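Reading the structure
Residues per chain, in single letters:
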Amino acid sequence: MNPHKPFLFSNYFINVDTHPSGMSMIFATSSGQQIELRECGEDAWKIFKPHFHLPEVHRTACRRYIGMLGDQPVSFIAVVPYGNDKHAKDGRKILHLSRVTVLPNFRSQGIGGGMINAIANHLYGEDVRIRLITANPHLNGWMGRNGWRAESVAQTPHGRQVTWEYARVENE
């Protein structure tokens, strides 16, 4: 893999290829675009923070991924272990998908959903439960149609908050 150039963003550089794992995967969006998803460092959040209503996840165990359309950063997602290393009733670890963000110019093109499923499929082999909590009505509708099972629903100041669990159906 060729090294990626740092991305100039608002007069500072964000190195979008800083994570030592070098993990990278490509997924196709519903509109046919090819997005490269790379594991990245904490500094990549600076690009997406202005477009999300919650602060950065400051956890060393957190894994962060940035979606790239060519050399353009377009999306971000974090994978956070559930608090205090708790496990589900079946003994598997719980991972939360968090800070799902797509830059405004790239929304409604299938990037967010494609990124969520690409990460969930990637993590599925780790024998974990994968969850995502959201009050976003568009994301809630998408999750219900794309292999996710609603675990709980709560009313919050942000709206109807649903906890989703990934329920991948294996092809036989």
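Here, every reference points to the structure presented above.
Predicted model only: the values in this text are computed from it and were never measured.

A look at the packing of aromatic side chains
If you walk through the whole model with that rule in mind, you get four aromatic pairs. Ring centres 5.7 Å apart and planes at 35° place the aromatic pair F48 and F76 in the tilted group. One end of the pair, F48, is in helix 1 (residues 45-48); the other, F76, is in strand 6 (residues 72-81), and 28 residues separate them in sequence. In this structure, F48 and F76 share a single accessibility class: buried. Here W148 and Y166 contribute two aromatic rings whose centre-to-centre distance is 4.9 Å and whose plane-to-plane angle is 50°, an arrangement assigned as tilted. Remark: Y166 occurs in strand 10 (residues 159-166) and W148 occurs in strand 9 (residues 148-156); sequence separation between them is 18 residues. Given the relative accessible area of 10%, Y166 is considered buried. By the ring-pair criterion, three or more aromatic residues cluster together here, those being W45, F48, F52 and F76.

Notes on the nonpolar core
If you look at the biggest cluster of nonpolar residues, it comprises 42 residues, and the most contacted ones within it are L37, L97, I116, I119, I130, M143 and W148. Setting aside chain neighbours within four positions, we find L37 in contact with M23, S24, M25, F27, Y65, I66, G67, M115, A118 and I119.

Description of the pattern of salt bridges
Per the stated rule, a full pass over the model turns up five salt bridges. A salt bridge links E165 to R129, with the shortest nitrogen-to-oxygen separation between them at 2.0 Å. Residue E165 is located in strand 10, and its partner R129 is located in strand 8 (residues 128-134); the two are separated by 36 residues in the primary sequence. Between R149 and E151 there is a salt bridge; the shortest N-O distance is 3.2 Å. Among the residues examined, E151 registers a relative accessible area of 39% and is labelled partly exposed. Here the salt bridges do not stand alone but share partners, grouping R129, R131, R149, E151 and E165 into one network.

Cut-offs used in this document
- Residues numbered from 1 in each chain as written.
- Predicted model: local features only at pLDDT ≥ 70, side-chain atom pairs only at ≥ 80, totals over all residues.
- Heavy atoms only, no water.
- Phe/Tyr/Trp six-rings, centres within 6.5 Å; stacked < 30°, edge-to-face > 60°.
- Helix = DSSP H or I, 4+ residues; strand = E, 2+ residues; numbered from the N terminus.
- Buried < 20%, exposed > 50% of the residue type's maximum accessible area, 1.4 Å probe, protein only.
- Core = buried A, V, L, I, M, F, W, Y, C linked by side-chain atoms within 4.5 Å.
- Contact = heavy atoms within 4.5 Å.
- Salt bridge = Lys/Arg side-chain N within 4 Å of Asp/Glu carboxyl O.

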